[in-house]
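# Observations on chain architecture
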Amino acid sequence: MDSIIQLISIEMYNADGLWAYILLFVISSAPVVKIFMVIPIGIYFELNPIGVALAVFLAKIIQVHFIIIGYCRIRNFHDRFISKISYNELHKSLIKRKALEIWNKYGVQGLSIISPWIIGTNLGTIMALGFGTRGSVIGAWMFLSLLLWTIVITFISYYIV
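Residues numbered from 1 in each chain as written. Predicted model: local features only at pLDDT ≥ 70, side-chain atom pairs only at ≥ 80, totals over all residues. Heavy atoms only, no water.

### What to know about a nonpolar patch on the surface
On the surface, I113, I114, W117, I118, L148, V152, F155, I156, Y158, Y159 and I160 cluster together into a nonpolar patch covering about 1100 Å² of accessible area. Those elements giving two or more residues to the nonpolar patch turn out to be α6 (94-114) and α8 (135-160). Among the elements that line the nonpolar patch, the one with the most residues is α8, at seven residues. Tracing the backbone shows F155 in helix α8. A residue is classified by how much of its surface remains accessible, and F155, at 48% relative accessible area, is partly exposed. (Patch = residues over 30% accessible without salt bridge, like charges linked within 9 Å, V, L, I, M, F, W, Y side chains within 5 Å. Areas by Shrake-Rupley, 256 points an atom, 1.4 Å probe, with all protein chains shown as cover. Salt bridge = Lys/Arg side-chain N within 4 Å of Asp/Glu carboxyl O. Helix = DSSP H or I, 4+ residues; strand = E, 2+ residues; numbered from the N terminus. Buried < 20%, exposed > 50% of the residue type's maximum accessible area, 1.4 Å probe, protein only.)

### Here's the deal with unusual backbone geometry
With phi around 60°, E46 is a residue other than glycine that occupies positive phi space. The topology assignment puts E46 in the loop between α3 (35-44) and α4 (49-81). The exposure class of E46 is exposed, given its relative accessible area of 74%.

### Some thoughts on helix α2 (residues 18-28)
Looking only at α2, the buried set comprises A20, L23, L24, I27 and S28. Relative to the axis of α2, the buried residues are bounded by an arc of 125° and lie together on one face. Exposed residues pointing more than 90 degrees away from the buried face of α2 are listed as L18 and V26. (Arc of directions from axis to C-beta.)

### A short note on empty space enclosed by the protein
Where empty space is left becomes clear once a probe the size of a water molecule has been rolled over the atoms. For the coordinates displayed, the defined rule picks out one cavity of 30 Å³ or more. When its volume is computed, the largest cavity comes out at roughly 40 Å³. Lining the largest cavity, in full, are V33, K34, I35, K60, P116, G120, T121 and L146. (1 Å grid on protein atoms, 1.4 Å probe; cavity = no way out; pocket = protein on both sides within 12 Å on 5 of 7 lines; lining within 4 Å. Points joined across faces, edges and corners; volume = space filled by probe spheres on them.)

### Things to note about α3
Within α3, the full set of buried residues consists of I35, V38, I39, G42 and I43. The buried residues of α3 occupy one face: seen down the axis, they fall within an arc of 130°. One or two residues past the end of α3 sits E46, with phi positive at roughly 60°.

### A few points about the side chain of T150
Note on placement: T150 falls in helix α8. Discounting residues that sit within four places of it in the chain, T150 has contacts with I35, I39, A53 and F57. (Contact = heavy atoms within 4.5 Å.)

### Some words on the side chain of K60
As for its position among the elements, K60 is in helix α4. Non-local contacts of K60, meaning those with residues more than four positions away in its chain, are made with S28, A30, V33, I35, T121 and L146.

### A short note on the nonpolar core
One finds I35, I39 and I138 to be the most contacted residues of the largest nonpolar core, which totals 28 residues. Elements represented by at least two residues in this core include exactly α2, α3, α4, α6, α7 (121-130) and α8. Ranked by residue count, the leading element in this core is α4, at seven residues. If we skip the residues at most four places from it in the chain, I138 touches I68, V108, T125, A128, L129 and T133. (Core = buried A, V, L, I, M, F, W, Y, C linked by side-chain atoms within 4.5 Å.)

Set out below in structure tokens:
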């Protein structure tokens, strides 16, 4: 992991102009990279904060929509060609019951707000889809959540740190 961070630092140091923003976009497209990691890196290398926020936000929101589209297509294929499993059997396990309790308490709104920090937007989107939430609802809430966190993290990285 350290070698990857060093490589990214070297590339960011040598990048200028549009290439730097493209590099930020590609870096933030990685599923394990969270927005609070990439925005400060871009601002540290003295890139325009609005450009950094826009590149990172677009990368993450495009990821969310690709996940939603992919999940819906897989789900349609599954429903059409593979035998259906009883939902009662799926909810028997203790872990799944606990996850369902948390879902019923906080819902898609809570998951959307905390997922960029705790589990990442990718896993948060997959979890929400797994609980049966419509893709349009998840897309809207993830959009708002990512927009909020991008603005907050960009502000903190630029003005406070």
